[in-house]
4 protein chains.
Amino acid sequence: MAEEFEETPVKSGPRWQRKKEDRPQEILDAALELFVKQGFAATKVSQIARKAGVTPGTLYVYYKNKEAILQEVVMKALRPVFYDADKILGKYKGSAVDLLFILIEKWWDAVGGESKISGVPKLISAEASNFPQLSDFYMKSILTPAFNYIRLVLEYGIRSGEFMVKNVEVTAYAILSAFHGAVLDAHTFKIGEANGIRVGEFRDMFHDLIVHGILNKK
Amino acid sequence: MAEEFEETPVKSGPRWQRKKEDRPQEILDAALELFVKQGFAATKVSQIARKAGVTPGTLYVYYKNKEAILQEVVMKALRPVFYDADKILGKYKGSAVDLLFILIEKWWDAVGGESKISGVPKLISAEASNFPQLSDFYMKSILTPAFNYIRLVLEYGIRSGEFMVKNVEVTAYAILSAFHGAVLDAHTFKIGEANGIRVGEFRDMFHDLIVHGILNKK
Amino acid sequence: MAEEFEETPVKSGPRWQRKKEDRPQEILDAALELFVKQGFAATKVSQIARKAGVTPGTLYVYYKNKEAILQEVVMKALRPVFYDADKILGKYKGSAVDLLFILIEKWWDAVGGESKISGVPKLISAEASNFPQLSDFYMKSILTPAFNYIRLVLEYGIRSGEFMVKNVEVTAYAILSAFHGAVLDAHTFKIGEANGIRVGEFRDMFHDLIVHGILNKK
Amino acid sequence: MAEEFEETPVKSGPRWQRKKEDRPQEILDAALELFVKQGFAATKVSQIARKAGVTPGTLYVYYKNKEAILQEVVMKALRPVFYDADKILGKYKGSAVDLLFILIEKWWDAVGGESKISGVPKLISAEASNFPQLSDFYMKSILTPAFNYIRLVLEYGIRSGEFMVKNVEVTAYAILSAFHGAVLDAHTFKIGEANGIRVGEFRDMFHDLIVHGILNKK
DNA sequence: AATGAATGAGTTTTCATTCAT
DNA sequence: TATGAATGAAAACTCATTCAT
């Protein structure tokens with residue numbers, strides 16, 4: 001088992017100098033970070049409390065139990081990312097290549113590398129079988145919309161003659177799966193970093209790979 | 001009496017008909033499946049025992065403790081996949097596109113969809129921060145060799161004039177990351193299935209995507 | 001947010017319309033009702049507060065702690081019922097049967113069905129071993145006087161030739177025990193209600209039973 | 001709060017010298033005694049364990065949680081007392097007075113003074129509103145049969161001309177209520193004892209009281 | 001006087017591990 | 001070897017009580 005760790009409290013000022021309205025969010029922030037890093041079961045309530053700068057009892061003032069914290073963490077984190085897809089796609093007139101880039105960029109900004117919620121997909125993936133509701137929710141509100149978005153982009157590109165795709169469904173799935181998996185993966189294995197590859201570079205290259213492939217067209 | 005969870009034993013034949021030499025492997029099989037599905041902390045020793053068709057005490061005849069089972073599960077599962085890369089690459093004379101396909105096929109067969117160990121990457125990903133040794137081991141014996149393999153394939157293709165790649169390192173990383181992530185992801189979210197996409201289809205499309213991209217070259 | 005139990009406040013008017021002198025009594029009323037229904041340990045201070053229309057902190061303005069509330073509830077409820085027995089008995093000249101009826105009626109009005117404190121005997125019975133003082137107090141100020149009262153009534157009836165009793169002590173005990181137990185019981189099991197028996201009916205029949213028995217005297 | 005107490009373990013021999021089959025019953029015995037004395041909420045799991053001569057963890061080997069112990073305690077204790085009433089009544093030819101005595105004796109032996117389960121009615125009464133199932137179960141399997149039994153006895157006596165009763169239902173209720181309450185009460189307030197009244201004496205007098213009343217029939 | 005968020009001491013519950021058989 | 005009842009250390013959870021406002 002990994003050795004015991006000292007958790008730096010997120011907030012360390014005297015308790016009463018901190019606004020009480022912040023308490024729930026402070027707890028969720030602490031919980032999210034620990035759940036993503038260690039998993040739900042391996043994260044102790046006392047760890048969350050320490051990181052949030054409160055005592056364990058306080059968690060139960062705001063949340064029914066540990067599981068309720070998990071639910072809240074996920075629900076709050078997953079503000080629908082693609083709900084305005086139609087709006088964007090409806091009036092779009094530019095190149096399909098650019099549209100795909102916008103999509104990837106959007107996704108990246110939402111759940112990608114830097115954002116606070118970038119770990120949520122990993123968390124959900126790990127707990128999917130223990131908490132199926134989370135997985136269902138993620139599927140419904142994130143993955144399926146994303147899949148549809150990609151498909152629409154591909155169809156747009158095909159109509160405009162820019163793209164050439166054998167099977168739209170499978171290709172959309174391959175793109176989604178690859179990118180989503182990569183983001184998820186990035187949280188754990190940082191081969192890139194080990195090889196000095198910067199995040200933005202990766203995103204661009206990913207876009208490039210999908211668009212051009214690696215084949216040399218003389 | 002306190003109730004317990006239901007768990008289908010992996011082996012259900014009468015105990016005395018099973019060879020006692022199989023015991024350790026049966027335990028590892030049961031443990032792997034449960035660890036992958038539920039995570040290490042959420043998997044109870046009694047569950048492993050039940051699934052392996054033994055009692056909790058027996059686990060401790062073969063393994064020091066629960067963590068030792070995890071270690072053994074991972075170590076046994078990760079028989080190096082790429083150690084013969086040099087051999088294959090050394091004498092290869094064919095097309096780079098085919099070589100890439102061989103690589104993907106090989107990986108797929110090793111840790112992909114059907115194989116018993118296909119869940120190990122997910123397991124390691126989930127427990128990476130709790131058991132850094134596992135992550136290190138995986139990195140060293142799987143991911144880095146895979147990364148190098150891809151790089152070699154790309155360089156081979158570039159030398160032969162087949163491939164056209166801006167940045168070999170980043171591209172290799174993008175390919176690895178995408179494919180690895182997709183495999184990992186596949187364990188949890190089955191959008192593909194939901195859309196009726198078969199596994200082989202996905203693998204082929206993935207290869208195609210990397211090779212050709214989606215751009216229409218008149 | 002952690003959910004809480006529903007509890008209808010005893011007082012629901014705006015706080016500022018209620019006199020602050022009533023506060024302590026409102027707290028006791030709320031506590032009595034909950035203690036009787038749920039028991040001391042199972043009743044939460046926050047429940048009492050909600051029912052009394054105040055916040056938990058307020059309880060501690062008036063009472064040292066939860067136990068002090070119990071003490072006060074019981075002490076206030078048990079205004080001696082029989083302290084004027086001597087007075088009544090001293091000058092009584094009528095029939096013993098009627099005197100017994102008066103006694104039963106008196107008891108009934110004091111701790112019987114309708115009164116607010118009718119649950120106190122049950123409460124004391126339940127908490128007797130946790131709070132022996134309560135039991136002692138009840139014994140001393142209620143049961144023993146009642147026992148003596150009954151005995152005096154019986155002796156009065158015997159002297160007047162109205163009653164025929166083998167053993168005054170035991171009979172007095174049987175009467176007390178039966179009636180007290182019935183009242184206590186009535187709080188929980190309402191077989192009577194289930195069979196459409198009204199409270200007054202029960203009290204009269206009880207008196208009749210004691211006086212005449214069920215034997216047919218041609 | 002009542003001071004801390006030392007619980008004498010029911011069994012004190014070395015654990016392995018005691019039969020493991022006894023464990024569940026030992027736990028129930030300990031729990032019953034404590035629940036009756038202190039109430040459910042005021043009884044600590046650790047107390048039950050100590051009294052049963054095991055550690056708290058052991059309780060959870062046999063029972064899901066504290067509440068399950070309560071359920072089991074009650075269910076096991078309440079073996080139907082009156083289910084053979086019809087048999088007895090069907091062929092009975094003797095005096096109704098005697099039949100009533102048999103009934104009272106039977107009840108007394110089952111849940112009365114000495115028996116191990118004599119505290120169960122009190123326990124159920126105290127926890128009725130916290131655990132309505134218990135109350136319902138008691139009502140259905142004990143009180144209602146008892147009520148019907150008494151009614152049948154009364155009707156038998158009326159038919160035979162032995163009894164003279166104004167209202168059978170109400171009288172039956174009065175008898176049940178009085179006797180049941182008295183038994184229940186006896187667990188807490190021992191006025192009788194304080195006055196040197198023996199248990200058997202009380203039971204007989206109770207029977208006498210019901211049958212003859214206290215009125216002097218010259 | 002009144003508040004109610006936060007506490008922390010205590011309780012319930014879990015479960016990896018042991019050990020007599 | 002194998003067992004599985006029992007353990008005990010640790011975790012989750014409860015809630016009477018406090019105290020800054």
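Structure: see above.
The paragraphs below set out a description of the structure included in this document. For every chain, the first residue of the written sequence is number 1, and numbering continues from 1 onward in sequence order. The lettering of chains begins at A and the numbering of ligands begins at 1, in the order of writing. A pLDDT threshold of at least 70 governs which residues receive local features in this predicted model, and a stricter bar of 80 or more applies before side-chain atom pairs are shown or counted, although totals over entire chains, interfaces and linings include all residues. Computation of side-chain values covers all heavy atoms of the structure but excludes hydrogens and water.

### Considering the nonpolar core
Inference 1: Counting residues in hydrophobic clusters, the biggest one holds 145 residues, and the most contacted among them are C:I69, C:W107, C:L154, D:I69 and D:L154.
Inference 2: Contacts are assigned to residue pairs with any non-hydrogen atoms lying within 4.5 Å of each other. Filtering out sequence-adjacent residues up to four positions away, C:I69 remains in contact with C:I27, C:L28, C:A31, C:F35, C:L59 and C:Y63. Here, nonpolar core means buried Ala, Val, Leu, Ile, Met, Phe, Trp, Tyr and Cys residues that are tied together by side-chain atoms lying within 4.5 Å of each other. Buried, partly exposed and exposed residues are distinguished by accessible area as a fraction of the type maximum, computed with a 1.4 Å probe on protein chains only: under 20%, between the cut-offs, and over 50%, respectively.

### Some remarks on the protein's contact with DNA strand E
Inference 1: With respect to spatial proximity, 32 residues lie near DNA strand E, and among them A:R23, A:Y62, C:T55, C:T58 and C:Y62 are the closest.
Inference 2: Any residue with at least one heavy atom within 4 Å of a molecule or strand is counted as near it. Considering DNA strand E, the proportion of its atoms within 4 Å of the protein that are sugar or phosphate atoms stands at 84%.
Inference 3: In protein, a polar contact requires one atom able to donate a hydrogen and another able to accept it; more generally it is a pair of N or O atoms within 3.5 Å, and residues adjacent in sequence count only if both atoms are side-chain atoms. Separating a base nitrogen of DNA strand E from a backbone N or O atom of C:G57 is a distance of 3.4 Å.
Inference 4: Between DNA strand E and C:Y62, the relevant distance is 2.3 Å, taken from a phosphate oxygen to a side-chain nitrogen or oxygen of the residue.
Inference 5: Here a strand is any run of E in DSSP of at least two residues, a helix any run of H or I of at least four, and the numbering for each starts at the N terminus. At the level of elements, α3 (56-62) of chain A, α3 (56-62) of chain C together with α2 (45-52) of chain D are the ones that each hand at least two residues to the surface near DNA strand E.
Inference 6: At 4 residues, α3(A) tops the list of elements feeding residues into the surface near DNA strand E.
Inference 7: For this classification, Asp, Glu, Lys and Arg are treated as charged, while Ala, Val, Leu, Ile, Met, Phe, Trp, Tyr, Cys and Pro are nonpolar and the rest, including Gly, are polar. When grouped by side-chain class, the residues that make up the surface near DNA strand E number 10 nonpolar, 11 polar and 11 charged.

### Some words on the relation of the copies chain C and chain D
Inference 1: The operation relating chain C to chain D is a screw motion whose rotation component is 180 degrees, with 0.0 Å of axial translation and a residual RMSD of 0.1 Å. Put plainly, the chains are arranged around a two-fold axis.
Inference 2: Both copies present the same face, since 94% of the interface residues in chain C are matched by interface residues at the equivalent positions in chain D. Residues below a pLDDT of 70 in either copy are left out; the C-alpha atoms of the rest, at least 70 in both, set the least-squares superposition of the copies.

### Considering the interface of chain B and chain A
Inference 1: On the chain A side, the residues contacting the 65 residues of chain B number 63 residues.
Inference 2: When chain B packs against chain A, the two sides together hide about 5,700 Å² of surface, and 68% of this comes from carbon and sulfur.
Inference 3: Definition used for salt bridges: Asp or Glu carboxyl oxygen within 4 Å of a side-chain nitrogen of Lys or Arg. There are 2 salt bridges connecting chain B and chain A.
Inference 4: Note that B:K166 is salt-bridged to A:D208, the shortest N-O span being 3.4 Å.
Inference 5: Put simply, the parts of the chain that give the side of chain B that touches chain A at least two residues each are α1 (23-38), α6 (96-111), α7 (120-127), α8 (132-159), α9 (168-186), α10 (191-194) and α11 (199-212) of chain B.
Inference 6: Counting residues per element, the side of chain B that touches chain A draws most heavily on α9(B), at 14 residues. Summed over both partners, the accessible area (1.4 Å probe) lost when two parts come together is defined as the buried area.

### Let's talk about α7(B)
Inference 1: Of all the 8 residues making up α7(B), 8 are buried; the element is thus mostly covered by neighbouring parts of the structure.
Inference 2: Every buried residue of α7(B) is listed here: B:V120, B:P121, B:K122, B:L123, B:I124, B:S125, B:A126 and B:E127.

### Points about the interface of chain C and chain D
Inference 1: Counting residues at the interface gives 65 residues for chain C and 63 residues for chain D.
Inference 2: At the surface where chain C touches chain D, the tally comes to 2 salt bridges.
Inference 3: On inspection of chain C and its partner chain D, the count reaches 20 residue pairs in polar contact (both at pLDDT 80 or more).
Inference 4: Sorting the residues of the side of chain C that touches chain D by element identifies α1 (23-38), α6 (96-111), α7 (120-127), α8 (132-159), α9 (168-186), α10 (191-194) and α11 (199-212) of chain C as the ones contributing at least two each.
Inference 5: With 14 residues, the single largest contributor to the side of chain C that touches chain D is α9(C).

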